[in-house]
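In case you want the letters, here they are:
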Amino acid sequence: MNNIKQKLKALPPVSWMLLLIIIVFSLASPNYLTFSNFHNILIQATPLMIVAFAQTCIVLTQGTDLSLGAQVSFVTVLIVYLAKRGVPLFAGMVIAVLLAAVIGSVNGIIVAKGHILPFIATFGMQNIVNSISLLLTSGSSIYYPSYTYRFVTEATFLFIPMMVWIAILVFIMVWIVLKKTKFGTNIIGLGGNREALALAGINPVKNLIKTYAFAGFIAGIAGIVTLCRVESGQPTVAAGWEFQAVAATLLGGTSLREGKGGVTGTIFGVLLITIVKNGLNIVGVRSIYQNAIIGSIVLLAILIDAVIKIRSKE
Amino acid sequence: MMKFIEGIKRSKSFYSLIGLIGLVIISSVIAPNFRTLNNMITILRQTSVLLILSSGLTAVLLTGSMDLSVGATAGFIGCICAKLIKSGVPISVAFIIGIAIGALVGFINGTLAGILPSFIATYATNWVMSGLAIIVMNGAVIYDLPKNFTKLGVGYVGPIPVLVIIAAVIVVILYVLLQKTTYGRQVYAYGSNAEAAKYSGMPIKKIMKSTFMICSICAGIAGMIITARLNAADAAMGDAYGLQTVAAVVIGGTSMLGGEGGVGGTVIGAMILTIIVNVMNLKGVSSFAQPMVVGIVIIAMVLFDINSKMKKQFD
């Protein structure tokens, strides 16, 4: 019995908030607790989930990458842009993901070699990347018809849609990298104690650049999934995701101060944000109210989490 | 005389000033219509709003914090004032309400920044503010505001635009407040060494909160002036200013790490930024390319700032 109690206490506070929110929404609407809605939530959560996995790696190094959302939008735009000019969709996807990794490594170089605070470097990069997407599309959405989109969003394997499988694979990849590889140990070391890392003969600069490149790579995959979901290249489709991903990461128990946490908690954070969005729609809250409500709930959740942490330290 | 020159050289804004002079020279060469008196007045008018926003943000950066919510706050307060004035509230009362809301937003930001890293807290309030602006506007646009109000944005006193005067007054007030008062010295002291400031008994939480309040009040005033200039209010009107404001302060030589720089540099930074955008417009560069230029300038300036700081450490 005590064992169960301890395990329950070890769960991040976000899981309790999640439970509370689900209860509130199911009381407010009979359509809420259904299988098809659960399916919807999973699909809605997937792109943000992948971005949040990338953000978790960055937050573990005590940074934040505010350019991830812009990178996702850029990937959707670039693939469609290339496809319209005769490049096969699959080749375009590979090019776009690699380019996202390059953008990430540029972020890493600026942060690590220039000693710039990550949020300002990536804030600058966010605008540079956004600009490129807007220039490629003249500011509107661009289209290229293909069956691939439907395959990724609708085809299922073991009752789970392909795009959710992609998220699961990315999760496993990030989890293995963080827990089982030397690179992962270094990422966590970067957030914990950089001097110790340097003393151990590990180059913090190189590892930081690698981390940002890795995050860019994952954001690229999120871009492919997003493209399949919206079936077009949209220069601002993922605006703000970078922050939702930071919020989800913090809610999932990854700390901005000491290199603690991991990618598993992030799942709860993303689910919380998605479930709030989905619930507001189902309960029938008018769309003009949604931005302010979601923003406030996320802010409140991060705040409660931070206060609990400060309290438990004292 | 040498001492005086040395003094200027050592100040952080020195390079920004040289940059500004260089930029003006280059601009007048590549864009002939840059040199006209009309364009100069346009630049002053365009700078004004940015100047009000970025002078306020300077106070926050001096403490080593960040406020990413200024754009949305300006938009939100502009929308509220437009709505109030349209429904018959006297202009002066609407103005006071706008400033009060600014103070409240700043108080909330400052309180949150004491618990969370400030850029995360204010990114979140940015989200909430732009959401609130949508609610206030109810998805519509307000236009055709009374002449007495739009005068703030488009009127003249003699040859000088009213909003240039408002911006100048705010800049002078903030300059005096930050450079010439005990409060200002406390802000600098807190920014350069928070621990030392804490142990010397300064009310550090109050200092931080107050800088956020100054910032959001400035954002409020800027929001009302944007509305007056446009003669309309729209929920998204402040969004474009968020990045530019951060850029102006950083270009002006105020350090992201706090304790260094000031409103004087920010004036130069705001001018540089406005001239860059102005010349891009004159040359017919797509407006989609503007964020890219601003982003590159921000990264370059911060790199430069950090590098010069590290060199100093080695000297």
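Described in the following lines is the structure provided in the data block. (Residues numbered from 1 in each chain as written. Chains lettered and ligands numbered in written order. Predicted model: local features only at pLDDT ≥ 70, side-chain atom pairs only at ≥ 80, totals over all residues. Heavy atoms only, no water.)

**Focus on the overall build of chain B**
Scanning chain B for helices and strands turns up 14 helices and four strands. Principal axes of the C-alpha set define a box for chain B whose edges measure 60 × 50 × 35 Å. Burial analysis of chain B (315 residues in total) assigns 53% to the buried set. Taking as baseline every contact in chain B between residues at least 6 positions apart, the subset at least 24 positions apart corresponds to 79%. The averaged location of the 9 negative side-chain charges in chain B is 7 Å from the averaged location of its 21 positive side-chain charges. (Helix = DSSP H or I, 4+ residues; strand = E, 2+ residues; numbered from the N terminus. Buried < 20%, exposed > 50% of the residue type's maximum accessible area, 1.4 Å probe, protein only. Contact = heavy atoms within 4.5 Å. Lys, Arg positive; Asp, Glu negative; His and termini not counted. Charge placed at Lys NZ, Arg CZ, Asp CG, Glu CD.)

**Some remarks on the overall build of chain A**
Counting its secondary structure elements, chain A contains 14 helices and two strands. On C-alpha atoms alone, chain A measures out to a radius of gyration of 20 Å, which is about the 20 Å that the 2.2 N^0.38 rule sets for 314 residues. Judged by the C-alpha coordinates and their principal axes, chain A covers about 60 × 60 × 35 Å. Here chain A, with 314 residues, has 55% of them falling under the buried criterion. (Rg over C-alpha atoms; globule rule 2.2 N^0.38 Å.)

**As for the interface of chain A and chain B**
Each partner contributes residues to the interface: chain A has 44 residues there, and chain B has 38 residues. Here chain A and chain B share an interface that buries about 3,600 Å² over both sides, 84% of which is from carbon and sulfur atoms. Here chain A is connected to chain B by zero salt bridges. At the surface where chain A touches chain B, the tally comes to five residue pairs in polar contact (both at pLDDT 80 or more). Those elements that provide at least two residues to the side of chain A that touches chain B are α5 (89-114), α6 (118-137), α12 (241-251) and α14 (287-313) of chain A. (Buried area = accessible area lost by both parts, 1.4 Å probe. Salt bridge = Lys/Arg side-chain N within 4 Å of Asp/Glu carboxyl O. Polar contact = N/O pair within 3.5 Å; in protein donor to acceptor, adjacent residues only side chain to side chain.)

**Some thoughts on the nonpolar core**
Ranked by internal contacts, the top residues of the largest apolar core, which has 206 residues, are A:Ile120, A:Val174 and B:Ile52. When neighbours within four sequence positions are excluded, A:Ile120 is seen to be in contact with B:Met66, B:Val246, B:Met256, B:Ile298 and B:Val302. (Core = buried A, V, L, I, M, F, W, Y, C linked by side-chain atoms within 4.5 Å.)

**Overview of the packing of aromatic side chains**
Taken as a whole and judged by the stated rule, the model has four aromatic pairs over all chains. When the centroid spacing of 4.8 Å and the interplanar angle of 5° are considered together, the rings of A:Phe243 and B:Tyr123 count as stacked. Residue A:Phe243 is located in helix α12, and its partner B:Tyr123 is located in helix α6 (residues 118-137); the two belong to separate chains. Members of the aromatic cluster, each reached through a chain of ring pairs, are A:Phe243, B:Tyr123 and B:Trp127. (Phe/Tyr/Trp six-rings, centres within 6.5 Å; stacked < 30°, edge-to-face > 60°.)

**Points about the environment of B:Thr47**
Residue and element names in this part refer to chain B. Among the structural elements, Thr47 can be located in helix α3 (residues 37-62). With relative accessibility at 2%, the residue Thr47 sits in the buried group. Considering only alpha carbons, one finds Thr47 and Leu174, 127 residues apart in sequence, at a separation of 17 Å. A polar contact is formed between the side chain of Thr47 and the backbone oxygen of Ile43, at a distance of 2.5 Å.

**As for the side chain of B:Ser118**
Residue and element names in this part refer to chain B. Its place among the elements puts Ser118 in helix α6. From its side chain, Ser118 meets the backbone nitrogen of Met66 in a polar contact 2.9 Å long. Residues contacting Ser118, with those up to four places away along its chain left out, are Ser65, Met66, Ala113 and Phe212.

**Section: helix α5 (residues 91-113) of chain B**
For α5(B), built from 23 residues, the straight-helix expectation of 33 Å at 1.5 Å per residue is met to within 8% by its first-to-last C-alpha distance of 33 Å. For α5(B), the complete set of buried residues consists of B:Ala94, B:Gly98, B:Ile101, B:Gly102, B:Ala103, B:Val105, B:Gly106, B:Asn109, B:Gly110, B:Leu112 and B:Ala113. (Expected span 1.5 Å × (residues − 1).)

**Some details on the packing of α3(B) against helix α11 (residues 204-230) of chain B**
Residues and elements named next belong to chain B. The contact between α3 and α11 brings their axes to 6 Å, and the two run at 165°. On the basis of the axis angle, α3 is roughly antiparallel to α11. By crossing handedness, the relation of α3 to α11 is classed as left-handed. Across the interface between the two elements, Arg45, Gln46, Val49, Ile52, Leu53, Gly56, Leu57, Ala59 and Val60 from α3 touch Thr211, Phe212, Ile214, Cys215, Cys218, Ala219, Ile221, Ala222, Ile225, Ile226 and Arg229 from α11. (Axes fitted to C-alpha atoms, helices over the stretch in contact; angles between N-to-C directions. Parallel < 35°, antiparallel > 145°, perpendicular 65-115°, else oblique. Left-handed = near helix turned anticlockwise from the far one by under 90°.)

**Remarks on the environment of A:Gly69**
Residue and element names in this part refer to chain A. With respect to the secondary-structure elements, Gly69 resides in helix α4 (residues 68-84). Among the residues examined, Gly69 registers a relative accessible area of 0% and is labelled buried. For the pair formed by Gly69 and Ser138, sequence separation is 69 residues and the distance between their alpha carbons is 19 Å. When near neighbours in sequence (up to four residues on either side) are disregarded, Gly69 contacts Ala238, Trp241 and Glu242.

**Side note on helix α8 (residues 162-180) of chain A**
Residue and element names in this part refer to chain A. Here α8 spans 26 Å end to end across 19 residues, near enough to the 27 Å set by a 1.5 Å rise per residue. Turning to α8, its buried residues number three or more, namely Met163, Val164, Ala167, Val170, Phe171, Val174, Val177 and Leu178. All buried residues of α8 project into a common sector of 145° when viewed along the axis, lining one side. Opposite its buried face, α8 presents the exposed residues Leu169, Lys179 and Lys180, each directed more than 90 degrees away. On its buried side, α8 packs onto α3 (35-60), α7 (148-154), β2 (160-161), α9 (182-192), α11 (204-230) and α13 (263-283). (Arc of directions from axis to C-beta.)

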